[in-house]
Amino acid sequence: MHFRDSKRKVDYVLAYHYRKRLAQHQHGASSPEPMNRAGSMTVVSNGETRKGRLKLQPDSGQHIPQELLGAQVIELGPLDTLEEEKRLQREEYERNLVAAGLEIEKDAENKSQGLSFVRIHAPWQVLSREAELHKIKMPTKKMYEIKEEGGILKRLNEIWCKLTEPLQPKVPQENTKMKSLSYPFSREKIYLYNIRDKDTFFDNATRSRIVHEILKRTSTKARNSMGINTLIANNVYDAAYPLHDGEYEGQNDDMNERKLLYQEWARYGVFYKFQPIDLIRKYFGEKIGLYFAWLGLYTEFLIPSSVVGIFVFLYGCITIESDIPSKEMCDQRNAFTMCPLCDKFCDYWNLSSACATARASHLFDNPATVFFSIFMALWATMFLEQWKRLQMRLSYFWDLTGLEEEEEHPRPEYETKLLQKKLKNKNTTTEDPNEDDKDKLTWNDRIPGYAANCGLILFMIMLTFSAVFGVIIYRITTAAALSFSTNETTRSNVRVTVTATAVIINLVVILILDEIYGAVAKWLTEIEVPKTEKAFEERLILKAFLLKFVNSYAPIFYVAFFKGRFVGRPGHYVYVFDGYRMEECAPGGCLMELCIQLSIIMLGKQLIQNNLFEIGIPKLKKLFRKLKDGRTEPKEMNTNQSKDPQQWDLDYSLEPFTGLTPEYMEMIIQFGFVTLFVASFPLAPLFALLNNIIEVRLDAKKFVTELRRPDTVRAKDIGIWYNILSGIGKLSVIINAFVIAVTSDFIPRLMYQYAYSQNGTMHGFINHTLSYFNVSHLKAGTQPENSPFAQDVLFCRFKDYREPPWSPNQYEFSKQYWAVLSARLAFVILFQNLVMFLSVLVDWMIPDIPKDISEQIKKEKSVLVDFFLKEEHEKLKLIESFMTRDKHKQKSGTKDQKSRAASFCQFDQSQKGSVASFSSQHTEV
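Procedures and definitions
Residues numbered from 1 in each chain as written. Predicted model: local features only at pLDDT ≥ 70, side-chain atom pairs only at ≥ 80, totals over all residues. Heavy atoms only, no water. Helix = DSSP H or I, 4+ residues; strand = E, 2+ residues; numbered from the N terminus. Buried < 20%, exposed > 50% of the residue type's maximum accessible area, 1.4 Å probe, protein only. Contact = heavy atoms within 4.5 Å. Areas by Shrake-Rupley, 256 points an atom, 1.4 Å probe, with all protein chains shown as cover. Salt bridge = Lys/Arg side-chain N within 4 Å of Asp/Glu carboxyl O. Core = buried A, V, L, I, M, F, W, Y, C linked by side-chain atoms within 4.5 Å. Pairing = 2+ DSSP bridges. Axes fitted to C-alpha atoms, helices over the stretch in contact; angles between N-to-C directions. Expected span 1.5 Å × (residues − 1). Bend = angle between axes of the 7 residues up to and from the residue. Disulfide = S-S within 2.5 Å. Phe/Tyr/Trp six-rings, centres within 6.5 Å; stacked < 30°, edge-to-face > 60°. Lys NZ or Arg CZ within 6 Å of the ring centre and 35° of its normal. Patch = residues over 30% accessible without salt bridge, like charges linked within 9 Å, V, L, I, M, F, W, Y side chains within 5 Å. Parallel < 35°, antiparallel > 145°, perpendicular 65-115°, else oblique. Left-handed = near helix turned anticlockwise from the far one by under 90°. Nonpolar A, V, L, I, M, F, W, Y, C, P; charged D, E, K, R; others polar.

**So, the overall build of the protein**
For the protein, the helix and strand inventory stands at 27 helices and 17 strands. Out of the 925 residues in the protein, the part that is buried amounts to 45%. In the protein, of all internal contacts separated by at least 6 residues, the share reaching a separation of at least 24 is 80%. Per element, the accessible surface of the protein, about 49,600 Å² overall, is 58% carbon and sulfur.

**Comments concerning the pattern of salt bridges**
Summed over all chains, the structure comprises 40 salt bridges. Two residues, Glu91 and Arg87, come together in a salt bridge whose shortest N-O distance is 2.4 Å. With Glu91 and Arg87 both in helix α2 (residues 78–99), this residue pair falls four residues apart, about one helical turn. Note on Glu91: relative accessible area 26%, which makes it partly exposed. Residues Lys388 and Asp848 are paired through a salt bridge, measuring 3.3 Å at the closest nitrogen-oxygen approach. Here the residue Lys388 occupies a position in helix α13 (residues 367–397), and Asp848 occupies one in the loop between α26 (815–845) and α27 (851–924), the gap between them amounting to 460 residues. Several salt bridges share partner residues, and in doing so they unite Arg4, Glu105, Asp107 and Arg119 into one network.

**Quick notes on the nonpolar core**
Within the largest apolar cluster, 124 residues are counted, with the highest numbers of intra-cluster contacts made by Trp265, Phe284, Trp294, Tyr298, Trp379, Phe677 and Ile718. Excluding residues within four positions of it along the chain, Trp265 makes contact with Leu260, Val270, Gln275, Pro276, Ile280, Phe284, Phe292, Val696, Arg697, Ala700 and Val704.

**Details of unusual backbone geometry**
You will see that Ser6, though not glycine, has its phi angle at about 60°, which is positive. Here Ser6 shows up in the segment before β1 (12–19). Exposure remark for Ser6: the relative accessible area of 57% places this residue in the exposed category. For Asp399, which is not glycine, the phi torsion reads 60° and is therefore positive. Position of Asp399 relative to the elements: it lies in the loop between α13 and α14 (412–427).

**Description of the pairing of strand β6 (residues 113–121)**
Here β6 lies mainly inside the structure; seven of its nine residues are buried. The pairing of β1 with β6 spans eight bridges and is classified as antiparallel. In the sheet register, Tyr18 faces β6, and the bridge partner there is Gly114. Pairing analysis gives four bridges linking strand β5 (residues 103–106) to β6, with the strands arranged antiparallel. Bridging across to β6, Glu103 finds its partner in His121. Counting the residues in the hairpin turn of β5 and β6 gives six residues.

**Some words on the sheet that holds β6**
Strand pairing within a sheet occurs via backbone hydrogen bonds; the two strands may be parallel or antiparallel. Reading across the sheet, the four strands line up as β5-β6-β1-β9 and stay open at both edges, with antiparallel pairing between neighbours. Lying at the two open borders of the sheet, with one neighbouring strand each, are β5 and β9 (239–241). Direction aside, the axes of adjacent strands within the sheet are offset by 20° on average. Across the sheet, helix α6 (residues 204–217) touches β1 and β6, and the angle it forms with β1 is around 50°.

**Digging into the environment of Leu707**
With respect to the secondary-structure elements, Leu707 resides in the loop between α22 (684–706) and α23 (720–743). Considered as a pair, Leu707 and Tyr652 are 55 residues apart in the sequence and their alpha carbons are 9.4 Å apart. Here Leu707 is in contact with His244, Leu654, Glu655, Pro656, Phe657 and Lys702, once residues within four sequence places are set aside.

**Brief notes about helix α15 (residues 443–483)**
With 41 residues, α15 extends 58 Å between its outermost C-alpha atoms, agreeing within 8% with the 60 Å of an ideal straight helix rising 1.5 Å per residue. Maximal helix bending in α15 amounts to about 30°, located at Gly449.

**Let's talk about the pairing of strand β16 (residues 770–774)**
Counting buried residues along β16, four of its five residues qualify, which places the element largely inside the surrounding structure. Direction of pairing for β16 relative to strand β17 (residues 795–799): antiparallel, over a ladder of five bridges. Bridging from a neighbouring strand, Ser771 pairs with Phe798 of β17.

**A short note on the state of the cysteines**
Taken as a whole and assessed by the stated rule, the structure comprises four disulfides. At a sulfur-sulfur separation of 1.9 Å, the disulfide partner of Cys330 is Cys355. On the sign convention where negative is left-handed, the bridge of Cys330 and Cys355, at about 90° about the S-S bond, is right-handed. Remark: Cys355 occurs in helix α12 (residues 355–362) and Cys330 occurs in helix α11 (residues 324–330); sequence separation between them is 25 residues. Overall, the relative accessible area of 22% leaves Cys330 in the partly exposed class. Across the disulfide from Cys342 sits Cys346; the S-S distance is 1.7 Å. Classification of the bridge connecting Cys342 and Cys346 rests on its S-S torsion, roughly 95°, and on that basis the disulfide is right-handed.

**Considerations on the packing of aromatic side chains**
The geometry of an aromatic ring pair is captured by the separation of the ring centres together with the interplanar angle, meaning the angle of the planes. Under the criterion given, the structure shown has 55 aromatic pairs. For the pair Phe271 and Tyr272, a centre-to-centre distance of 5.8 Å together with 90° between the ring planes defines the contact as edge-to-face. Measuring from centroid to centroid gives 5.8 Å for Phe284 and Phe703, while their planes differ by 75°, and the two rings are edge-to-face. In this pair, Phe284 is assigned in helix α9 (residues 277–284) and Phe703 in helix α22, connecting sequence segments 419 residues apart. Directly above the aromatic system of Tyr573 lies the positively charged group of Arg581, at a separation of 3.6 Å from the ring centroid. Cation over ring: Arg802 sits above Phe813, and NZ or CZ is 4.3 Å from the ring centre.

**Some points on a nonpolar patch on the surface**
A surface patch of nonpolar side chains, amounting to about 560 Å² of accessible area, comprises Ile303, Val307, Ile310, Phe311, Leu314 and Ile318. A relative accessible area of 30% means that Ile310 is categorised as partly exposed.

**A short note on the side chain of Ser373**
Along the chain, Ser373 turns up in helix α13. Beyond its immediate sequence surroundings of up to four residues, Ser373 is in contact with Val678, Ala679, Asn736, Ile740 and Phe831.

**A look at the packing of α23 against α26**
Contact geometry of α23 with α26 gives a least axis separation of 9 Å together with a crossing angle of 150°. What the angle tells us is that α23 and α26 run roughly antiparallel. Between α23 and α26 the crossing geometry is right-handed. Contacts from Lys730, Val733, Ile734, Ala737, Phe738, Ile740, Ala741 and Val742 of α23 reach α26 at Arg824, Phe827, Val828, Phe831, Gln832, Val835 and Met836. By residue class, the composition of the contact of α23 with α26 is 12 nonpolar, one polar and two charged.

Here it is as structure tokens:
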């Protein structure tokens, strides 16, 4: 991709739509009306529009310059005036770019309207100047050896490399044993750097980053616009982007980095290979490289957690036949007659009819889930620690150590708001003690935005809770309606039907609200008017995460901690809407329903939102933009355009890059599903792993084939996302402790076995957890109608720890209830402190910086000092050699001068003698 001279590289492209003047009505002298409309008039001489507007007033005696006599006065419509302003701004901006040292090539505007491109090239002088200004580290001539770990670790590493050789991508590998010493570029010390060719010394990513920095800080006087971002926001330009390296498909073209990334990384057929992280970083920059490195490490860490989760699930399958509580519940001889599930229309029922639910609950509610919860808490800690180590290793090899925070340019919206404030302050000329506040937006300026943020965020959270409450009402009313059915099959499957449909409704609501919350979070951040892009991104992330976290997990929190807790008891149930009983958990507990809720929401979000939406929406946007451009542009022949579209044309048709926030967000929400409620669904890591194997290639394909090339951004970490991950990891410990203690039957079983069982076994556990109720105490109108068992049933059972009807304190909470409650709270405290202690221990045992990297960083500093001293010493020796050579030349020069002076004196004397003799001769004559 070069200029027309095929020598200068195209480092950046600006694209804009132009529209030539539509209304060109010539007015004579007898038509003064349009002459008075100075705002829409311009003087055109010889077909060229002048830069300035000329206000002409009839009969005002205004002198018209002689050169403008005979010029046409053209009335411009509103669209023409706007287009003219944009053209003038573009011309001024491009002049300023040329003044900054950049070289520009433009397309000819030979159609009435259409798309045009401005191609930008940065020459060596500009690149070297900006590289020095931004302290970009560049490789020097010095290479040094990277020390490898010896002993058994080296041997294991060699074995691992041999085993994983088929999994390595076939990309050019950098020398891992030698590293180039890097140093911030300096034109004064240009002799330090390994400059073989000035055209290739700075790679394409660095060149485009330098040009982008110049574009951001170059301003125009019109509307006080600061940089390309403001011009794009004002629709002066449509887009600004660096070019891809070429086509990613096709056998005949030369191999380029984009094609290499597509073949070895961005295809589903290479899902089993490792990611070429160094090549990703080289092509897309450090920020995107860190995202894919983090995603790769997270996916790798899901492998051991998936294996352990499968073993926990298999343990539940193997021990299901030996589980005594399940056997007791399924044994029809026990004949536990249970109280009706609803008023009037529901009959007494036998506990053995819930056998399938009890057996299924054991798959996830068994002692192994406690171990798995502890394991996953430690897994999250180890993952974060390992990420810190990998991040440090990448920082060393990518020359990010000691990277300083670059000064960011203000956002266009911030500048506009500040300009409005300055214009407002001009009207009030009173002295203000806070003069510095005039040059920035203060709290007072942002109070409306903050107030709107607080109010709308609270409203959105309440909207989520309302949606959850609406689904609860649906479950209650639907369960009651189905209980009235005359069909026996319908009545027997009420719980399954209600649970399945309610979860699907929850999923649809979550998907819809997620899209709404993403747009609302962006709008709320915009009205806050953050100064820089970094501040904007961080505030947007926090708002979007808060809203999406509440939206995704609110239904799961309800099932885990609130469902079945406020039901009441037979004869004293809690009702909503005057007749609908609050829903209660299944006989096997709420853990099975929690598992169903978690699995469907997690899998649904991953399949629909993360995959279908991510594939389909960009394609629809691309199709819509293509149709829109086809409608707006007239079908005219462009003689200058070649048959084959150029790279800037192809890249313009791609989707613009909008940031990594959506990519991180979906993975962070998934990380929450994997860690927060893992005690109820041990297979969550397995499904996350399967999703991520596809997600890595999906994101890769999107970046390589569907998005314009992003501007390279240097970053030494993943920013605020690490803090969010750490917060979720700590929250997961507390939530899993409560899930095990409150939602599952682990603590009641433990208490029964070691405190209440006569023989230390689980025999009699079901009977122990069921309380008695005298059916004669049922309220009038709530007894089962037409029940065949009504005459035979004196007492029915319900799941709770309450005193029997023959007790003085009938139906009050029993001693067992308070004992179990105390044990639950004790377990939460013990589990939380134990896991937190183990997490801190793991954090302390694993250093943040690998030992070999810390040693290499120290070595690099000493090598850098030695290299400088050596180069300076050689420079001094070279200067001394030149000085001594000059001295020798001067000495030899003085000797030659003396000899020449002596010969000249002799010659002069001889000349004088001859002249004297000649004069004497003449005198004589």
